[in-house]
Amino acid sequence: MATTTSTPGARTGARVHVQKFGTFLSNMVMPNIGAFIAWGLITALFIEVGWLPKLGIGDSAGSWVAEIGGWGDFAGGGIVGPMITYLLPILIGYTGGRMVYDTRGGVVGAIATMGVIAGTDIPMFMGAMIMGPLGGWSMKHIDAIWDGKIKPGFEMLVNNFAAGIWGGILATFAFFVMSPIVTWISDRLGEGVDGLVSNNLLPLTSLIIEPAKVLFLNNAINHGVLTPLGTQEAVEQGKSVLFLLEANPGPGLGLLAAYMVFGRGLAKASAPGAAIIHFLGGIHEIYFPYVLMKPKLIVAMIAGGMTGVFLNVLFDVGLRAPAAPGSIFAVYAQVATDSYLGVTIAVLGSAAVTFLVASVLLRTDKAEEADDQLVHATADMEAMKGKQSIASTAFAGGGAATATATREIRNIVFACDAGMGSSAMGASVLRKKIHDAGHPEVTVVNKAIANLEDDVDLVVTHQDLTDRARQKSPSAIHVSVDNFMGSPKYDEIVTMVDEGNKS
């Protein structure tokens, strides 16, 4: 008998709403991370204090390096300045509008974003995150006014002029109204960050960042908040420590190392592989279940995070652009030329502190073996969420669940917050298992939860994200997992496919 979850109505809560809002913000930035990386690399190479001038290549004011970097005889020109001023915000605005109303919404969102860009002299990421979705949302509702009422042959004329006129109105509104408002907000946020730095309080941000990460708000924090603020700071100072507040892989490495030494059962056995994926692959979500399994370990994560931030501030280090994903390779690729030593010490220091604190907590833990703790953690989760989970059957010793797969399963989606890291890993593992079982007719893909539609047969998510996935695909079978790489539920899914796809 194949096991699955029961399908009660989704219960939304404050955390789900916060996750959805945070994901919406981060989803405007994450598809454009390649553009941020390109800007960061160009900046690192070609600005006046960049790698090429320091190596003596094109270090004169009239060189081709200066022309690209926009300094010396070419001050105000080049590629670096226009990319950060125009390209990146417009990409964000277009993406935000497209998320709301497809390509048409993206175009109007980009037009509206141009208005807020032109009305200020700072990189307008926050304005793009407002005007882009606003452009798409408003255009969608305007189109609904005359939907089905346009005479045949006039559709293109009406649609194009409507988008152009409304886009122009929004751009004007953004120029005169939104630019001053967003500039004021941005200035206040910048002053807040400066105040934290000047008063040596920036490490306290770990009290918020580390717990929020394990609740799957990591992308929202990093790309929805820290990336816009950090990019503006990088333009002014050539680097920003804000890019390292969430992306530092040190604390996660320290936690997993502690599990390698002092963990028990399944957690100890899986920790080495998880450490490689986390530290080298940059997929921080891989360590979240290890914290959720023993919530007191958040103390170790906070201690390590605060240590890393303190050392980064102490050595005055920063990155030129976001490190995405949060791999140590991505971090070093964006490190400012004067920050390599400090960043290395901060990563190692944060890992060491997390390891020490987590080791004490694990060694003094009088609870059951780790595998048994997963059973109790799952039961607690079900009590909080008010519904049954497949995890209970997976960790209870192989007992059968009450629900079975009664329909054919042809398409499976492994969904996570961003649709990239953890979901890609899980989809790869599950795809191989299903195809090895002789079911080439089944497709297994990975997606962001925001992009899910109600046209799939089975959706696999981390247990803390299942509520949101069920809202997007209510008619699908939903399976919750707690371990992206080695969950026993994957074998149950294969059995479900065997049962449902019998010819």
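Each remark here, short or long, concerns the structure printed above.
Residues numbered from 1 in each chain as written. Predicted model: local features only at pLDDT ≥ 70, side-chain atom pairs only at ≥ 80, totals over all residues. Heavy atoms only, no water.

Notes on the overall build of the protein chain
When you go through the protein chain residue by residue, the secondary structure sums to 20 helices and four strands. Across the 503 residues of the protein chain, 53% fall into the buried class. For the protein chain, the share of sequence-separated contacts (at least 6 apart) that also reach a separation of at least 24 residues comes to 70%. Carbon and sulfur atoms form 65% of the exposed surface of the protein chain, whose accessible area is close to 20,800 Å². (Helix = DSSP H or I, 4+ residues; strand = E, 2+ residues; numbered from the N terminus. Buried < 20%, exposed > 50% of the residue type's maximum accessible area, 1.4 Å probe, protein only. Contact = heavy atoms within 4.5 Å. Areas by Shrake-Rupley, 256 points an atom, 1.4 Å probe, with all protein chains shown as cover.)

Overview of the packing of helix α13 (residues 298-314) against helix α15 (residues 340-363)
Contact geometry for α13 and α15: axes closest at 8 Å, N-to-C directions at 160 degrees. With respect to α15, the element α13 is oriented roughly antiparallel. The hand of the α13/α15 crossing is right-handed. Where α13 abuts α15, its residues V299, A300, M301, A303, G304, T307, G308, L311 and N312 lie against G342, V343, I345, A346, G349, S350, V353, T354, V357 and A358. Considering only residue class, the contact of α13 with α15 consists of eleven nonpolar, eight polar and no charged. (Axes fitted to C-alpha atoms, helices over the stretch in contact; angles between N-to-C directions. Parallel < 35°, antiparallel > 145°, perpendicular 65-115°, else oblique. Left-handed = near helix turned anticlockwise from the far one by under 90°. Nonpolar A, V, L, I, M, F, W, Y, C, P; charged D, E, K, R; others polar.)

Section: the sheet that holds strand β3 (residues 458-462)
Pairing is parallel across the open sheet formed by four strands, whose spatial order is β2-β1-β3-β4. The sheet is open, and its two edges are formed by β2 (443-448) and β4 (477-481), each paired on a single side. For this sheet, the mean angle separating the axes of adjacent strands, direction not counted, is 25 degrees. Pairing of β3 with β4 involves five bridges; the strand directions are parallel. Pairing of L458 across the sheet is with I477, part of β4. Running at roughly 160 degrees to β4, helix α20 (residues 489-500) makes contact with β1 (411-416), β3 and β4 of the sheet. (Pairing = 2+ DSSP bridges.)

Describing the pairing of β4
Across a regular strand the side chains alternate sides, sitting on one face of the sheet and then on the other. Within β4, five of the five residues are buried, leaving the element largely enclosed by the surrounding structure. A two-sided burial pattern is seen for β4, the buried positions comprising I477, V479 and V481 on one face and H478 and S480 on the other. With respect to chirality, the unit in which β3 leads through helix α19 (residues 466-472) into the neighbouring parallel β4 is right-handed. (Right-handed = clockwise from strand over helix to strand, strands pointing away.)

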